[in-house]
Amino acid sequence: MKRQSSIFSLILVLLATFLISCGGPGVAVAPPTYTASQIAEIKEYVPEIQAVRDRSQELKTLIQKQDWINVSNFIHGPITEARLNLTYVTPHLLPKDQTPARQITRDLFNHLVKINQGASSGNAQLALTNSEAAFADIDKFLQLLPEASTQ
């Protein structure tokens, strides 16, 4: 019995020594950064997103004129293209930025649906409020992008 306890103690000492030796100081990991290929992929889509963002006044004018056909064409054309570009850019963002980017893209989609509902029902206030929110979503997304890709 005495021999078993001494062997058991020896095993515990060896195990403790092994665990302590493996638990040395942590290696500092550099924060994630964008690679040249990620920036190149993002740069490919940014001009198209910014071009749609710059046309926000055009949609506002169409809504104020209650030109519902052109409002519908605008949200199903250029803004939907911008939304697709946001979706294409998201996987190239840093992991910490991908979740907010996906949420912003979902919010943009929901605002586009409400603009369409406003256009279908002739509700200019609903369409105008959601068009402003949609362009605010695009602005939020553009803020997530690395500066090197927006220059």
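Heads up: the structure comes first, above all this text.
Structural notes, computed from the coordinates. (Residues numbered from 1 in each chain as written. Predicted model: local features only at pLDDT ≥ 70, side-chain atom pairs only at ≥ 80, totals over all residues. Heavy atoms only, no water.)

Looking now at the overall build of the chain. Helix and strand content of the chain: eight helices and zero strands. Overall, the chain shows an N-to-C arrangement of helices and strands of α-α-α-α-α-α-α-α. Relative to its 151 residues, the chain shows a buried fraction of 32%. Long-range contacts, defined as pairs at least 24 residues apart, comprise 72% of the intrachain contacts of the chain with a sequence gap of at least 6. With the model as given, the accessible surface of the chain reaches about 9500 Å², and the carbon-plus-sulfur share is 60%. (Helix = DSSP H or I, 4+ residues; strand = E, 2+ residues; numbered from the N terminus. Buried < 20%, exposed > 50% of the residue type's maximum accessible area, 1.4 Å probe, protein only. Contact = heavy atoms within 4.5 Å. Areas by Shrake-Rupley, 256 points an atom, 1.4 Å probe, with all protein chains shown as cover.)

Right, let's get into the pattern of salt bridges. On inspection of all chains with the given rule, the structure shows four salt bridges. Across the pair R53 and D139 runs a salt bridge, and its minimum N-O distance is 2.5 Å. Highlighted residues: R53 in helix α2 (residues 36-53) and D139 in helix α7 (residues 124-144), separated in sequence by 86 residues. D139 gets classed as partly exposed once you look at its relative accessible area, which sits at 27%. (Salt bridge = Lys/Arg side-chain N within 4 Å of Asp/Glu carboxyl O.)

The interhelical angle for the contact between helix α6 (residues 95-121) and α7, taken along N-to-C directions, is 160°, at an axis separation of 8 Å. Between α6 and α7, the angle is such that the two are roughly antiparallel. Both α6 and α7 take part in a crossing whose hand is left-handed. Residues of the contact of α6 with α7, tallied by class, amount to 14 nonpolar, six polar and five charged. (Axes fitted to C-alpha atoms, helices over the stretch in contact; angles between N-to-C directions. Parallel < 35°, antiparallel > 145°, perpendicular 65-115°, else oblique. Left-handed = near helix turned anticlockwise from the far one by under 90°. Nonpolar A, V, L, I, M, F, W, Y, C, P; charged D, E, K, R; others polar.)

Once that is clear, we can look at the packing of helix α3 (residues 56-64) against α7. Describing two packed helices takes the angle between their axes plus the distance from one axis to the other. For the pair α3 and α7, the least separation of the axes is 10 Å and the interaxial angle reads 175°. It follows that α3 is roughly antiparallel to α7 by the angle criterion. The residues of α7 that touch α3, namely those facing S56, L59, K60 and I63, are A124, A127, L128, S131, E132 and F135. Taken together, the residues of the contact of α3 with α7 sort by class into six nonpolar, two polar and two charged.

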